[in-house]
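Examining the three-dimensional arrangement
Here's the letter readout for the chains.
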Amino acid sequence: MCAMSKNSGKVIYPGSFDPITNGHLDLIERSLHIFEYVIVGVANNPDKNALFTVEERKEMIRAAVNYNDRVIVDQIDGLLVDYCRKIGVHVVVRGMRALSDFEYEFQMTFMNRKLDREIETIFMMTGLRWFFVNSKIIKSAVKAGACVEGLVPDIVCEKLQEKFKAKQL
Ligand code: PNS
């Protein structure tokens, strides 16, 4: 039996989501057209100097999807493949923006495949409108005083303003 047919009702969308952007949201919505449930796995990576805590990131995602009960927001500690095995999910979805994403995604997919051949990664092209949106550029723009309305969910706009104001104090 191929990996896809094992459990095509559920997909995991892993990432840092620091914070979630409209590009991420678009991918979640499109995945819901294919899968019954999307598990958004927020990676808890202590090596990355995240702006938001895992709890803050999870809450922003829940609010951004309007508390849709087909979107399950959880935390990933350690390896993605271990988490997938634990919850019985065999399909990982990732977004692909510009060509520059390719090498990084290729490396991750290769590593995950080496760790567990039963877990398949699929890619969706990021919506054209969100091609140049990523969490990093959003944070640096807001930090420098830009308004990022329309690029991130409203709740994220608010939380970013709060976060940077608090950091200035
Ligand atoms: O949004 P990001 O930062 O590009 O997401 C990267 C993420 C979280 C998907 C990746 O770092 C990950 O899977 N982390 C969990 C640890 C792991 O499994 N590492 C081995 C595969 S690279």
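Residues numbered from 1 in each chain as written. Predicted model: local features only at pLDDT ≥ 70, side-chain atom pairs only at ≥ 80, totals over all residues. Heavy atoms only, no water.

Things to note about the site of the ligand
Surrounding the ligand, one finds Pro 14, Gly 15, Ser 16, Ala 43, Lys 48, Gly 78, Leu 79, Leu 80, Arg 94, Tyr 104, Met 108 and Asn 112. Contact distances for the ligand include 2.5 Å between an oxygen atom and a side-chain N or O atom of Ser 16. Contacts to the ligand include Lys 48, whose side-chain N or O atom sits 2.7 Å from an oxygen atom. Isolated, the ligand exposes 540 Å² of accessible area, and the fraction of that covered by the protein chains is 76%. At the level of elements, strand 1 (10-15) and helix 5 (100-115) are the ones that each hand at least two residues to the shell around the ligand. Broken down by element, the residue count for the shell around the ligand peaks at 3 residues, all from helix 5. Of the residues in the shell around the ligand, the class split is 6 nonpolar, 4 polar and 2 charged. (Near = heavy atom within 4 Å. Polar contact = N/O pair within 3.5 Å; in protein donor to acceptor, adjacent residues only side chain to side chain. Areas by Shrake-Rupley, 256 points an atom, 1.4 Å probe, with all protein chains shown as cover. Helix = DSSP H or I, 4+ residues; strand = E, 2+ residues; numbered from the N terminus. Nonpolar A, V, L, I, M, F, W, Y, C, P; charged D, E, K, R; others polar.)

Considering the packing of helix 3 (residues 54-64) against helix 7 (residues 154-168)
Running from N to C, helix 3 and helix 7 cross one another at 150°; their axes reach a closest spacing of 9 Å. Relative to helix 7, helix 3 is oriented roughly antiparallel. Counting all contacts with helix 3, which are made through Glu 56, Met 60, Ala 63 and Ala 64, the residues of helix 7 involved are Ile 155, Val 156, Lys 159 and Lys 163. Split by residue class, the contact of helix 3 with helix 7 holds 5 nonpolar, no polar and 3 charged. (Axes fitted to C-alpha atoms, helices over the stretch in contact; angles between N-to-C directions. Parallel < 35°, antiparallel > 145°, perpendicular 65-115°, else oblique. Contact = heavy atoms within 4.5 Å.)

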